[in-house]
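Now for the letters of each chain:
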Amino acid sequence: MKHIILDADPGIDDALAFFLALASPEIQLDAITTVSGNVDVSATTRNALTLLTLAGHTDVPVARGCSQPLIRPLVDAAEVHGRNGLGDIAAPAPTIEPVAQHAVDLIIQRIMDAPGEITLVAIGPLTNIALALHHEPRIAANVREVIMMGGALRVPGNVTPSAEFNIYADPHAAYSVFHAIWPMRLVSLDATQKVTLTRAQFATLASTGGKVPQFIQQMMAFYFDTYAAQRETHTFVMHDPLCLAVAFQPDLITWEPTYVDVELTGTHTLGETVAYFQRPGAPAPNMQTSIGVDAQRFNRLFLERLARTFTR
């Protein structure tokens, strides 16, 4: 069993990743740490507590993290996720509170207390991870692995023509994390954009009658009726759930060792992830990057696990 700290900014697709984590016996969700990203950290923290309450897993500690990026101004994605981050639906009030410990301190303590045991799965901006590394560099030698959802290597970005949202939201944090010497996997848009579900598939999941699948259907109704309708798209991209799944089934993805850097100064390219794939003269790889994915297998896994776990 793998021990996971999930660093997140929920977020509709973060919520789906939470539920997949709770439905996967291969992992132990040791803690959730929150960060500003899709919405501000007050909302992301409340959302994490709400999702755990809804799923009946109030034993998982939640630590509130950073409210601002390291340097750049705060940006969000409320147009995708709603003002409250969960599709502006009336979510149930959480029955638990965040722990007193800051997310950065929790990350450091958990890794240093269990050398080689903790996998960090980061599905939001990397602010908390970068600050944990800054305050305690030894976590790089003691973490099991860092798995990140972010970047666009051979494909366009999703927030600017060159940048993916999580990296764009805090490129300086991403730069620090990418340049640390620790095992990293980057689940980029190159893979995530190939993994999509339709409104009908979410409706079929909700037909099981469980509270969680019905909650998911309500979130997705917001997405399909607003953001997707404006852009004439009929699918939802499963960015964060795919990244979470890598923690226990890494062979869902085809990997390539790559050197990846982050653009910090470009007027039009801030947050661009620049990939040096293997070729003569390229820098030595600093991470494994996603270049392919078994989308059908992931979709089956996601839908079957949630239907089995969160039934009526």
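As the structure is a prediction and not an experimental result, all values here were calculated from the model.

(A) Representation of the nonpolar core. In terms of nonpolar packing, the biggest core is built from 69 residues, with F19 and I216 touching the most fellow members. Of all the elements, helix 1 (residues 12–22) adds the most residues to this core, at nine residues. Dropping the residues within four chain positions of it, I216 is found in contact with L16, F19, F202, L205 and L306. If you look at the next biggest cluster of nonpolar residues, it comprises 38 residues, including V104, I107, V177 and F277.

(B) Structural view of the sheet that holds strand 3 (residues 62–63). Strand order in the open sheet formed by nine strands is 3-2-1-4-5-6-11-9-10, and the pairing between neighbours is mixed. Because the sheet does not close on itself, it has two edges, and the strands there are strand 3 and strand 10 (273–276). Bridging between strand 9 (residues 253–262) and strand 10 involves four bridges; their strand directions are antiparallel. Residue Y259 lies in a different strand from strand 10, and its bridge partner there is Y276. Along the sheet, helix 4 (residues 103–113) makes contact with strand 1 (2–8), strand 2 (27–34), strand 3 and strand 4 (118–122), crossing strand 2 at roughly 150°. Most of the contacts of helix 13 (residues 239–246) go to strand 5 (residues 145–149), to which it runs at about 165°, and overall it touches strand 1, strand 2, strand 4, strand 5, strand 6 (184–187), strand 9 and strand 11 (287–293).

(C) Up close: the packing of aromatic side chains. With the rule as written, the count across this model stands at seven aromatic pairs. Seen in terms of ring centroids, Y223 and F224 are 5.3 Å apart; in terms of plane orientation they differ by 75°. Their pairing is edge-to-face. No difference in accessibility class separates Y223 from F224, as the two residues are buried. A centroid spacing of 5.8 Å and a plane angle of 35° characterise the contact between Y223 and Y227, whose relative ring orientation is tilted.

(D) Region of interest: the packing of helix 1 against helix 2 (residues 41–55). It is the contact of helix 1 with helix 2, at a shortest axis distance of 11 Å, that shows an interaxial angle of 40°. With respect to their mutual orientation, helix 1 and helix 2 come out oblique. Remark: the crossing between helix 1 and helix 2 carries right-handed chirality. Contacts from A15, F18, F19 and L22 in helix 1 reach A48, L51, L52, L54 and A55 in helix 2. Classifying every residue of the contact of helix 1 with helix 2 gives nine nonpolar, no polar and no charged.

Calculation rules
Residues numbered from 1 in each chain as written. Predicted model: local features only at pLDDT ≥ 70, side-chain atom pairs only at ≥ 80, totals over all residues. Heavy atoms only, no water. Core = buried A, V, L, I, M, F, W, Y, C linked by side-chain atoms within 4.5 Å. Buried < 20%, exposed > 50% of the residue type's maximum accessible area, 1.4 Å probe, protein only. Helix = DSSP H or I, 4+ residues; strand = E, 2+ residues; numbered from the N terminus. Contact = heavy atoms within 4.5 Å. Pairing = 2+ DSSP bridges. Axes fitted to C-alpha atoms, helices over the stretch in contact; angles between N-to-C directions. Phe/Tyr/Trp six-rings, centres within 6.5 Å; stacked < 30°, edge-to-face > 60°. Parallel < 35°, antiparallel > 145°, perpendicular 65-115°, else oblique. Left-handed = near helix turned anticlockwise from the far one by under 90°. Nonpolar A, V, L, I, M, F, W, Y, C, P; charged D, E, K, R; others polar.

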